[in-house]
Amino acid sequence: MARRLFPGAWLRKRYYAQVRFSYMRMKYLFISWLVVFIGSWIIYVEYSTYTELCRGHDCKKIICDKYKTGVIDGSACSSLCAKETLYFGKCLSTKPNNQMYLGIWGNLQGVIKCQMEETIHLDLGTELEPRKEIVLFDKPTRGTTVQKFKEMVYGLFKQKLGEQGNLSELVNLILSVADGNKDGRVSLPEAKSAWALLQLNEFLLMVILQNKEHTPKLMGFCGDLYVMERVEYTSLYGISLPWILELFIPSSFRRSMDQWFTPSWPRKAKIAIGLLEFVEDIFHGPYGNFLMCDTSAKNLGYNDKYDLKMVDMRKIVPEINLKELLKDRHCESDLDCVYGTDCRTLCDQSKMKCTTEIIQPNLAKTCQLLKDYLLRGAPSEIHEELEKQLYSCIALKVSANQMEMEHSLILNNLKTLLWKKISHTNDS
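Our subject in this report is the structure included herewith.

About the cut-offs
Residues numbered from 1 in each chain as written. Predicted model: local features only at pLDDT ≥ 70, side-chain atom pairs only at ≥ 80, totals over all residues. Heavy atoms only, no water. Pairing = 2+ DSSP bridges. Helix = DSSP H or I, 4+ residues; strand = E, 2+ residues; numbered from the N terminus. Axes fitted to C-alpha atoms, helices over the stretch in contact; angles between N-to-C directions. Disulfide = S-S within 2.5 Å. Buried < 20%, exposed > 50% of the residue type's maximum accessible area, 1.4 Å probe, protein only. Core = buried A, V, L, I, M, F, W, Y, C linked by side-chain atoms within 4.5 Å. Domains from an automatic or database assignment. Contact = heavy atoms within 4.5 Å. Phe/Tyr/Trp six-rings, centres within 6.5 Å; stacked < 30°, edge-to-face > 60°. Lys NZ or Arg CZ within 6 Å of the ring centre and 35° of its normal. Parallel < 35°, antiparallel > 145°, perpendicular 65-115°, else oblique. Left-handed = near helix turned anticlockwise from the far one by under 90°. Nonpolar A, V, L, I, M, F, W, Y, C, P; charged D, E, K, R; others polar. Salt bridge = Lys/Arg side-chain N within 4 Å of Asp/Glu carboxyl O.

**Structural notes on the sheet that holds strand 3 (residues 108-115)**
Sheet strands line up and pair through hydrogen bonds in the backbone, either parallel or antiparallel.
Moving on, step 1. Strand order in the open sheet formed by 5 strands is 1-2-3-5-4, and the pairing between neighbours is antiparallel. The open sheet is flanked by strand 1 (86-91) and strand 4 (218-222), the only strands paired with a single partner. Looking at each pair of strands side by side, their axes are set apart by 30° on average, direction ignored.
Moving on, step 2. When strand 1 meets strand 2 (residues 98-105), the two strands line up antiparallel, connected through 4 bridges. Bridging from a neighbouring strand, Tyr 87 pairs with Ile 104 of strand 2.

Set out below in structure tokens:
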């Protein structure tokens with residue numbers, strides 16, 4: 001009986017094996033198809049994103065067409081459009097209208113920035129940069145004298161920076177920068193380039209702080225394209241991931257991962273001192289107060305000596321300029337009164353308008369950014385005092401009595417504490 005059943009059992013086993021094999025084959029076929037589909041989707045999205053974000057060819061064509069027809073001129077025009085010794089390298093753009101590339105200029109490396117949008121667009125939820133007019137580089141017009149151009153620049157500075165007694169000095173400084181070929185005069189094409197660039201807060205800030213250690217140097221310009229010093233390390237944490245990976249990494253895990261890739265603590269302290277010095281440079285400087293409206297790690301970098309360098313200053317705006325734009329902004333809640341990520345005011349519910357008093361000063365936002373960065377790995381003998389000072393700094397409010405005195409005291413105390421700890425090390 002058992003012998004007669006054996007062939008049936010064997011057949012059933014063979015049948016089950018075939019079914020299992022077919023199932024496994026279908027499973028792996030499906031997985032392979034899924035991998036190919038996801039891979040193709042990622043490649044398509046990456047390509048679409050790249051073609052949307054990276055429009056360097058269009059940027060160069062617009063600029064060089066204007067240069068070759070004599071509309072604009074500048075210190076980088078000949079190298080970009082005639083000699084072709086300045087060219088676009090790796091694309092770094094994060095927004096289509098703000099083109100950014102690594103640039104190679106002869107033996108030098110820099111960062112090329114170019115504006116692409118062609119309509120005036122003031123939106124506090126995105127950028128504070130007035131965009132170019134439909135007719136590109138239409139000011140100043142032919143027949144404008146140097147004196148008239150000075151008056152135009154003076155009026156623009158008065159609008160952006162408010163009443164400052166030394167605006168005439170800044171006008172003269174701009175004219176010296178605008179003289180790209182250094183022949184002692186500003187031609188009409190050079191003036192058109194300078195006027196377009198002065199609409200951009202980052203360019204204006206670079207000129208104002210051109211002699212400061214933590215501001216990237218301006219290497220040259222052509223139209224509203226400009227080349228600035230390249231910063232070797234472009235984040236406080238020294239790590240950047242492809243955007244597709246960023247989507248799947250929880251923010252809490254990303255914060256922990258960031259801390260793994262930071263420099264040694266003495267080097268972090270040196271970078272932090274540099275950031276505090278930059279805050280000091282823009283706090284009630286010679287041309288008024290500038291507000292840091294995006295104090296994120298990706299906007300800050302450092303060089304091989306661990307000196308802080310600003311990577312992106314487009315969200316650092318004149319206080320007067322920001323208040324002027326906020327004062328008539330309609331709001332339903334305080335969430336409507338935010339520019340960038342960090343410049344916040346309150347919503348006046350009785351008028352349904354944003355107030356113009358910024359809640360947090362630059363220093364408080366900077367200390368919030370530095371808190372975890374500095375406390376992790378801090379020497380035990382200063383950890384408690386450092387934590388205390390950082391929390392006092394974070395609590396600083398613009399509306400506080402004697403705010404300017406508190407601001408200076410907290411900033412100096414932090415710098416002194418950090419400097420004392422690293423002053424006798426190789427990192428100083």
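**Some remarks on the state of the cysteines**
Moving on, step 1. Inspection of every chain in the model, using the stated rule, returns 8 disulfides.
Moving on, step 2. Here Cys 293 connects covalently by a disulfide to Cys 343, the sulfurs 1.9 Å from one another. Linking Cys 293 and Cys 343, the disulfide has an S-S dihedral of approximately -85° and is accordingly described as left-handed. In this pair, Cys 293 is assigned in the loop between strand 6 (290-292) and strand 7 (300-302) and Cys 343 in strand 11 (residues 343-344), connecting sequence segments 50 residues apart.

**Overview of the environment of Ser 168**
Moving on, step 1. Along the chain, Ser 168 turns up in helix 5 (residues 167-178).
Moving on, step 2. Here Ser 168 falls in the partly exposed class, since its relative accessible area comes to 44%.
Moving on, step 3. Once the C-alpha coordinates of Ser 168 and Val 153 are considered, the two residues, 15 residues apart in sequence, prove to be 9.4 Å apart.

**Quick word on the nonpolar core**
Moving on, step 1. By size, the foremost hydrophobic cluster in this structure holds 79 residues, and its most contacted members are Phe 157, Trp 265, Phe 278, Ile 316, Leu 363, Leu 386 and Leu 418.
Moving on, step 2. The element contributing the most residues to this core is helix 10 (residues 265-282), with 10 residues.
Moving on, step 3. If you count residues domain by domain, this core takes at least three from each of domain 1 (53-117 + 137-229) and domain 2 (243-423).
Moving on, step 4. What Ile 316 contacts, discounting residues up to four positions off in sequence, is Asn 201, Leu 205, Phe 278, Ile 282, Phe 290, Leu 291, Met 292 and Met 310.

**Regarding the environment of Asp 281**
Moving on, step 1. Summarising the element assignment, Asp 281 is placed in helix 10.
Moving on, step 2. Distance in space between the C-alpha atoms of Asp 281 and Thr 215 is 9.9 Å, their sequence separation being 66 residues.
Moving on, step 3. Setting aside chain neighbours within four positions, we find Asp 281 in contact with Leu 209 and Lys 212.

**Side note on the packing of aromatic side chains**
Moving on, step 1. Enumeration over the complete set of coordinates arrives at 4 aromatic pairs.
Moving on, step 2. When the ring of Phe 203 is compared with that of Tyr 226, the centres are 6.1 Å apart and the planes differ by 65°; the resulting orientation is edge-to-face. Of this pair, Phe 203 sits in helix 7 (residues 201-208) while Tyr 226 sits in strand 5 (residues 225-229), and the two are 23 residues apart along the sequence.
Moving on, step 3. Between Tyr 302 and Tyr 306, the aromatic rings sit 5.5 Å apart at their centres with planes inclined by 20°, giving stacked as the arrangement. Just as Tyr 302 is buried, Tyr 306 falls in that class too.
Moving on, step 4. Stacked on the ring of Tyr 373, the Lys or Arg Lys 268 has its end atom at 5.4 Å from the ring centre.
Moving on, step 5. For Lys 315, the ring lying beneath its charged end belongs to Tyr 339, and the centroid distance is 5.5 Å.

**Considerations on the packing of helix 10 against helix 14 (residues 403-422)**
Moving on, step 1. Running from amino to carboxyl end, helix 10 crosses helix 14 at an angle of 155°, the nearest separation of the two axes being 10 Å. When the axes of helix 10 and helix 14 are compared, the pair comes out roughly antiparallel. As for how helix 10 packs across helix 14, the hand of that crossing is left-handed. From helix 10, Trp 265, Pro 266, Ala 269, Lys 270, Ala 272, Ile 273, Leu 276, Glu 277, Val 279 and Glu 280 reach across to helix 14, where they touch His 407, Leu 411, Asn 412, Leu 414, Lys 415, Leu 418, Trp 419, Lys 421 and Ile 422.
Moving on, step 2. Taken together, the residues that form the contact of helix 10 with helix 14 break down as 12 nonpolar, 2 polar and 5 charged.

**Looking at the pattern of salt bridges**
Moving on, step 1. On inspection of all chains with the given rule, the structure shows 14 salt bridges.
Moving on, step 2. The closest approach of N and O atoms between Glu 202 and Lys 113, which form a salt bridge, is 2.9 Å. In this pair, Glu 202 is assigned in helix 7 and Lys 113 in strand 3, connecting sequence segments 89 residues apart. By the burial criterion, Glu 202 is buried, and Lys 113 matches it.

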